[in-house]
Amino acid sequence: MKRAIQRAASEWIEGLRIALSSLAGNQLRSFLTTLGIVIGVMTVIAIVAIIQGLNQSFASQIGNLGAHTLYVDKWKWINTGEDWWTMRNRKNLGRTELEAIEREAVEALAVAPMAGRPVTVAAGDEELSGIRCTGTNERYLQTGGGNVAAGRFLGPSDVDLARSVVVLGADVADRLFPGVPWERVLGKRVRVRGAPFTVIGVLARRGRMLGMDLDTNVTIPFTTFLRDMGGKRSITIAVTSAPGRLPALEDELVGIIRRARRVPPEKADDFSLNRQDQFLKLYDQLTGALYGVAVGVGLITLVVGGIGIMNIMLVSVTERTREIGVRRALGARKRTILMQFLIESSVVAAMGGAVGTGLGLGVAVLVALVSPLAAAVTPGAVALGLGFSATVGLLFGIWPAWRAANLDPVEALRYE
Amino acid sequence: MTDTHEPLISIDRLARHYFVGGETVRALDGVSFDIRHGEWVAIVGQSGSGKSTLMNLLGCLDTATSGTYRLNGADVETLSDDQLADLRNKEIGFVFQTFQLLPRASALANVELPLIYRGVSRKERRATAEQALRSVGLANRMHHRPNELSGGQRQRVAIARALVGEPSLLLADEPTGNLDSQTGEEIVRLFGELNARGHTIILVTHEPRLAARCPRAIKLMDGRVLGDGPGAEVAALQGPRAVGT
């Protein structure tokens, strides 16, 4: 028993040694053979790394939307076939719906209106245009609107009294008051669309979401917005539920809003309930397709690479016919020869896989450097690349190895 | 372990027929003889006499069409492919005309090869192989590759490889065929020494002069035994044009 294990072990080591010395003896040939595998693995690894990078940044961006928040809107955020005109012609959402929800929705933990428009914000000589101004209430942060870094957020009295106070986004604070610490920005006067406002707080930096900069905005009381920025716009109402109660909230809201908007029972909803996971679903569809294409391309290349390996292994078997004969004469069993050649083809392929993995990660990092795409290097991707290529080597090595193992020793020894 | 009264090799009406193009070629056509432990036997014959076929059968590389072959107590024709491989590994040491060394491996690695297929530990393998190389006078050539060795040295490596597993039979196929006469002479002398140390040797050759130097020779012609006796006598035998009966 011990003998058998020792024999298997020494045959394995011998197989590896032969494989490595054969590779070293035919460097150019080994390189060309593995090129197919290298390219295949490189493609797959690069695409997987980029998609995983996208996933990570998308997940963190989407995190800016509250996970338990429904956004009631005239528009469906992700339009899947609904007529643009239908939505365009919907009645605007406004205070009626907001008040109905605040009054009736028992599943709602927080309700915040969100009215928005681009404005120009100025302080002293600094003037910033194209800043998004959001009119909302004190519940806004609870629905997923970020955190306060300095000062305070809007309070109930700011909204009730329609005070001219403003909470600045991080970028706005930095650009209006360059070099001034946020604590000392508090109390300063700024002009929003020409009207004077007092800074009461600065929001913590949030980064970007789906290409939208979340730090170049200002937030003012909802009532002040309606008074100063125009009250005819349709608003979005963010409604947050307790964790796990989102479906219940959705059911409840549909009823409340339909009643508030007097939608006849036979008509469809003339508003949309948007939520974070709709983005996730759409995103998964997109990247799922991309994944499929990448895996398809990679597999085809790997098969082509595998055929290359099979070809070169057949050549190698022919070249080493006499060696096979000698080994058989000295006591190598058929399966020893079989294993020797399987090890060799797997090693060739795995080496190609290793090089391909390295190149693929390099490409992904390069893409991440020169483009806004992110790249993530995960151990899983590396293991995938190596495992896949070794498997290809194993599969495409079977036939050559089988031929080698079944050579007639007498013929093999006599082979010129 | 082995009953020394039983011959090492016992073959009885051994035949090997090939079927080529609908025709039966009787390469070996009913050969019988015994070889005892410690003998040095030449199998001599011209090309086409069947000596190569006989060597392949004796070396368990090929199986007979009919007849029986008993090697050191084992009925060879009943063995599976794996068992034949193990038998070759354990019982037979091959020495070939073209040396058949692995070109990319050192002398030492070549000699270690049979021990790898036997599952001998690395350390023991190395020590045994070094000992075998020393015994053929190559103590200072162990790490050379075959292409860095002379013909005679290569054949010594091959002999060391054949000896390393302590087989019961050394099977040499034209071992001097690729060597000049002086080097060939050295190799023959080495076989003499090995035989004197107790090794059983079968030397397959087409040269009557070489066969004449062996204590016993078996002469083949057309797949049959023409003569079996003291080397000098048998080697000199001139076969009739047709041995017939």
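Values in this document were obtained by computation on a predicted structure and should not be read as measured data. (Residues numbered from 1 in each chain as written. Chains lettered and ligands numbered in written order. Predicted model: local features only at pLDDT ≥ 70, side-chain atom pairs only at ≥ 80, totals over all residues.)

S.K.: I'd like a rundown of the overall build of chain B, residues and numbers included.
M.R.: Scanning chain B for helices and strands turns up eight helices and ten strands. Among the 245 residues that make up chain B, the fraction classed as buried is 46%. The long-range share in chain B, meaning contacts at least 24 apart out of those at least 6 apart in sequence, stands at 66%. (Helix = DSSP H or I, 4+ residues; strand = E, 2+ residues; numbered from the N terminus. Buried ≥ 20, exposed ≤ 12 C-beta atoms within 10 Å, placed from the backbone. Contact = placed C-beta atoms within 7 Å.)

S.K.: Talk me through the sheet that holds strand S4 (residues 66-71) of chain B; I want residue IDs and the actual numbers.
M.R.: All names here are of chain B. Sheet architecture is open: four strands sit in the order S2-S1-S4-S5, paired in antiparallel fashion. A single partner strand is all that each edge strand has here, and the edge strands are strand S2 (23-35) and strand S5 (74-75). With two bridges joining them, S4 and S5 adopt antiparallel strand pairing. By the bridge assignment for S5, Leu 71 is matched with Ala 74. (Pairing = 2+ DSSP bridges.)

S.K.: For the interface of chain B and chain A, give the residues involved together with the corresponding values.
M.R.: Listed as interface residues are 21 residues of chain B and, on the opposing side, 23 residues of chain A. Looking at the side of chain B that touches chain A, the elements with two or more residues in it are helix H2 (81-91) and helix H3 (107-116) of chain B. A per-element tally of the side of chain B that touches chain A places H2(B) first, with six residues. Counted by class, the side of chain B that touches chain A contains eight nonpolar, six polar and seven charged residues. (Nonpolar A, V, L, I, M, F, W, Y, C, P; charged D, E, K, R; others polar.)

S.K.: Quick one: what's the story with H3(B), residue by residue and with numbers?
M.R.: Given 3.6 residues to a turn, an α-helix orients residues that are three or four positions apart in the same direction. Among the ten residues of H3(B), ten are classified as buried, and the element is accordingly described as predominantly covered. When H3(B) is considered as a whole, its buried residues turn out to be B:Ala107, B:Leu108, B:Ala109, B:Asn110, B:Val111, B:Glu112, B:Leu113, B:Pro114, B:Leu115 and B:Ile116.

S.K.: Please give an account of the pairing of strand S6 (residues 189-192) of chain A that cites residues and values.
M.R.: Residue and element names in this part refer to chain A. Alternating positions in S6 separate cleanly, Val 190 and Val 192 being buried on one face and Arg 189 and Arg 191 remaining unburied on the opposite face. Note: strand S2 (residues 108-123) against S6, two bridges, orientation antiparallel. If you follow Ala 122 over to S6, its bridge partner there is Arg 191. Where S6 meets strand S7 (residues 195-203), four bridges bridge the pair, whose relative direction is antiparallel. In the sheet register, Arg 189 faces S7, and the bridge partner there is Thr 198. In this structure, the hairpin formed by S6 and S7 is closed by a connection of two residues, where Arg 193 is found at a positive phi of approximately 50°.

S.K.: Explain the sheet that holds strand S3 (residues 40-44) of chain B to me, using residue names and the numbers behind them.
M.R.: What holds strands together in a sheet is hydrogen bonding between their backbones, with the strands either parallel or antiparallel. Residue and element names in this part refer to chain B. Overall, mixed pairing links the six strands, which are arranged S6-S7-S8-S3-S9-S10 in an open sheet. In this open sheet, the two edge strands, each paired with only one partner strand, are strand S6 (92-95) and strand S10 (224-230). Across the sheet, the mean angle separating the axes of adjacent strands is 15° when strand polarity is ignored. Strand direction decides the pairing type here: strand S7 (residues 169-173) and strand S8 (residues 201-205), joined by four bridges, are parallel. Bridging from a neighbouring strand, Leu 170 pairs with Ile 201 of S8. (Axes fitted to C-alpha atoms, helices over the stretch in contact; angles between N-to-C directions.)

S.K.: Residues and numbers for the environment of A:Leu70, please.
M.R.: Residues and elements named next belong to chain A. Residue placement: Leu 70 occurs in strand S1 (residues 69-73). With 23 C-beta atoms counted inside 10 Å, the residue Leu 70 sits in the buried group. Note: C-alpha distance between Leu 70 and Ala 349 (279 residues apart in sequence) is 51 Å. With residues near it in sequence (within four places) discarded, Leu 70 still touches Val 239, Leu 246, Leu 249, Glu 250, Leu 253, Leu 273 and Arg 275.

S.K.: Please give an account of the domain arrangement of chain A that cites residues and values.
M.R.: Considered domain by domain, chain A is made up of domain 1 (2-61 + 281-414) and domain 2 (91-270). Averaged C-alpha coordinates put domain 1 of chain A and domain 2 of chain A at centres separated by 56 Å. (Domains from an automatic or database assignment.)

S.K.: Would you mind going over the packing of helix H5 (residues 151-163) of chain B against helix H6 (residues 181-196) of chain B in detail, with residue names and values included?
M.R.: Residues and elements named next belong to chain B. As a packed pair, H5 and H6 sit with axes 9 Å apart at the nearest point and diverge in direction by 20°. Here H5 is positioned roughly parallel relative to H6, judged by the angle of their axes. With respect to the hand of their crossing, H5 and H6 are arranged in right-handed fashion. Taken together, the residues of H6 that come into contact with H5 (itself represented by Gly 151, Gly 152, Gln 155 and Ile 159) are Thr 183, Glu 186, Ile 187 and Leu 190. Here the residues of the contact of H5 with H6 sort into three nonpolar, four polar and one charged. (Parallel < 35°, antiparallel > 145°, perpendicular 65-115°, else oblique. Left-handed = near helix turned anticlockwise from the far one by under 90°.)

S.K.: Quick rundown of the environment of B:Pro175? Include the residues and the values.
M.R.: Residue and element names in this part refer to chain B. By the secondary structure assignment, Pro 175 is in the loop between S7 and H6. According to the C-beta neighbour criterion, Pro 175 is buried, with 27 such atoms within 10 Å. In the structure, Pro 175 is positioned 88 residues away from Leu 87 in sequence and 22 Å away in space, judged by C-alpha atoms. Apart from the residues lying within four places of it in its own chain, the contact partners of Pro 175 are Val 95, Gln 97, Gln 155, Ile 187 and Leu 203.

S.K.: Lay out the pairing of strand S3 (residues 126-136) of chain A with the relevant residues and their values.
M.R.: Two faces belong to every sheet, and in a regular strand the side chains alternate between them. All names here are of chain A. In terms of strand pairing, S2 meets S3 through eight bridges, oriented antiparallel. Bridge pairing in S3 places Pro 118 opposite Arg 132. In this structure, the hairpin formed by S2 and S3 is closed by a connection of two residues, where Gly 124 is found at a positive phi of approximately 60°. With five bridges joining them, S3 and strand S10 (residues 217-221) adopt parallel strand pairing. Bridged to Gly 135 within S10 is Ile 220.

S.K.: Quick one: what's the story with the nonpolar core, residue by residue and with numbers?
M.R.: Among the nonpolar cores identified, the biggest contains 125 residues, and B:Ile43, B:Ala160 and B:Ile202 are the most heavily contacted of them. Discounting residues that sit within four places of it in the chain, B:Ile202 has contacts with B:Ile35, B:Val41, B:Ile43, B:Leu58, B:Leu169 and B:Leu171. (Core = buried A, V, L, I, M, F, W, Y, C linked by C-beta atoms within 7 Å.)

S.K.: Explain the environment of A:Gly144 to me, using residue names and the numbers behind them.
M.R.: Residue and element names in this part refer to chain A. Examined against the element boundaries, Gly 144 turns out to sit in the loop between S3 and strand S4 (148-151). Residue classification places Gly 144 among the partly exposed residues on the basis of 19 C-beta atoms within 10 Å. For the pair Gly 144 and Val 44, spaced 100 residues apart in sequence, the C-alpha separation works out to 36 Å.

S.K.: Could you give an account of the packing of H3(B) against helix H4 (residues 122-135) of chain B, with specific residues and numbers?
M.R.: All names here are of chain B. At their nearest, the axes of H3 and H4 sit 9 Å apart, and the two run at 120° to each other. Viewed along their axes, H3 and H4 adopt a mutual orientation that is oblique. In this structure, H3 crosses over H4, and the sense of that crossing is right-handed. Counting all contacts with H3, which are made through Ala 107, Leu 108, Val 111, Glu 112, Leu 115 and Ile 116, the residues of H4 involved are Arg 125, Arg 126, Thr 128, Ala 129, Glu 130, Ala 132 and Leu 133.

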